[in-house]
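Listed here are the chains, written in short residue letters.
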Amino acid sequence: FQFKSTITVNSARLDVSARSVWSDLDKVFTDIRVFNSLAPKNISQTLKNTIRRHEREKVLHYDARVVEVEKATFTPLVFSTTGVMGPRAEVFYKKLAELLAKKNRPYL
């Protein structure tokens, strides 16, 4: 793996996996992080930068393994305790909402 931070143990697990999210029959893995934006470690940065940092950490830990071992894609889902959703989580949930709307209303 390219990064030393990549988790390589066989028991590494991600929080959620799903099929056909980004395209038909693909597999996506997600890992969820909820952080306290008012914690001392986070308060010195803007919320946008803190979310970016948490997303980057997740990608460094899991993306290479998911792509190389699982032959899938990885999407980090980052949320603050104040209700802010990271940009990748936002795209992911918008896509899920679109898929659910089509499933429940096939004429769309």
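The structure presented is a predicted model; accordingly, all values stated were derived computationally and were not measured.

(A) Region of interest: a nonpolar patch on the surface. A surface patch of nonpolar side chains, amounting to about 230 Å² of accessible area, comprises Val 16, Ile 32 and Val 34. Note on placement: Val 16 falls in strand 1 (residues 16-19). A residue is classified by how much of its surface remains accessible, and Val 16, at 37% relative accessible area, is partly exposed.

(B) Fine view of the packing of aromatic side chains. According to the stated counting rule, one finds four aromatic pairs in the structure shown. Pairing Phe 92 with Tyr 93 gives two aromatic rings, centres 5.6 Å apart and planes at 90°, and the pair type is edge-to-face. Tyr 93 sits in the partly exposed class, given a relative accessible area of 36%. Chaining the aromatic ring pairs together yields one cluster made of Trp 22, Phe 79, Phe 92 and Tyr 93.

(C) Just the pattern of salt bridges, in detail. This structure, assessed with the given rule, holds seven salt bridges. Between Glu 57 and Arg 33 there is a salt bridge, and its shortest N-O distance comes to 2.6 Å. Of this pair, Glu 57 sits in helix 2 (residues 47-70) while Arg 33 sits in strand 2 (residues 27-35), and the two are 24 residues apart along the sequence. Note that Arg 53 and Glu 57 form a salt bridge whose closest N and O atoms lie 3.6 Å from each other. Pair noted here: Arg 53 and Glu 57 are both in helix 2, with a separation of four residues, about one helical turn. Among the residues examined, Glu 57 registers a relative accessible area of 24% and is labelled partly exposed.

(D) Representation of helix 2 in the model. An ideal rise of 1.5 Å per residue puts 34 Å on 24 residues; helix 2 measures up with 32 Å between its terminal C-alpha atoms. Where helix 2 is buried, its residues contact strand 2, helix 1 (40-43), strand 3 (73-80) and helix 3 (87-104). Taken from the residues just after helix 2, Lys 71 is the one with a positive phi, measuring 55°.

Calculation criteria
- Residues numbered from 1 in each chain as written.
- Predicted model: local features only at pLDDT ≥ 70, side-chain atom pairs only at ≥ 80, totals over all residues.
- Heavy atoms only, no water.
- Patch = residues over 30% accessible without salt bridge, like charges linked within 9 Å, V, L, I, M, F, W, Y side chains within 5 Å.
- Areas by Shrake-Rupley, 256 points an atom, 1.4 Å probe, with all protein chains shown as cover.
- Salt bridge = Lys/Arg side-chain N within 4 Å of Asp/Glu carboxyl O.
- Helix = DSSP H or I, 4+ residues; strand = E, 2+ residues; numbered from the N terminus.
- Buried < 20%, exposed > 50% of the residue type's maximum accessible area, 1.4 Å probe, protein only.
- Phe/Tyr/Trp six-rings, centres within 6.5 Å; stacked < 30°, edge-to-face > 60°.
- Expected span 1.5 Å × (residues − 1).
- Contact = heavy atoms within 4.5 Å.

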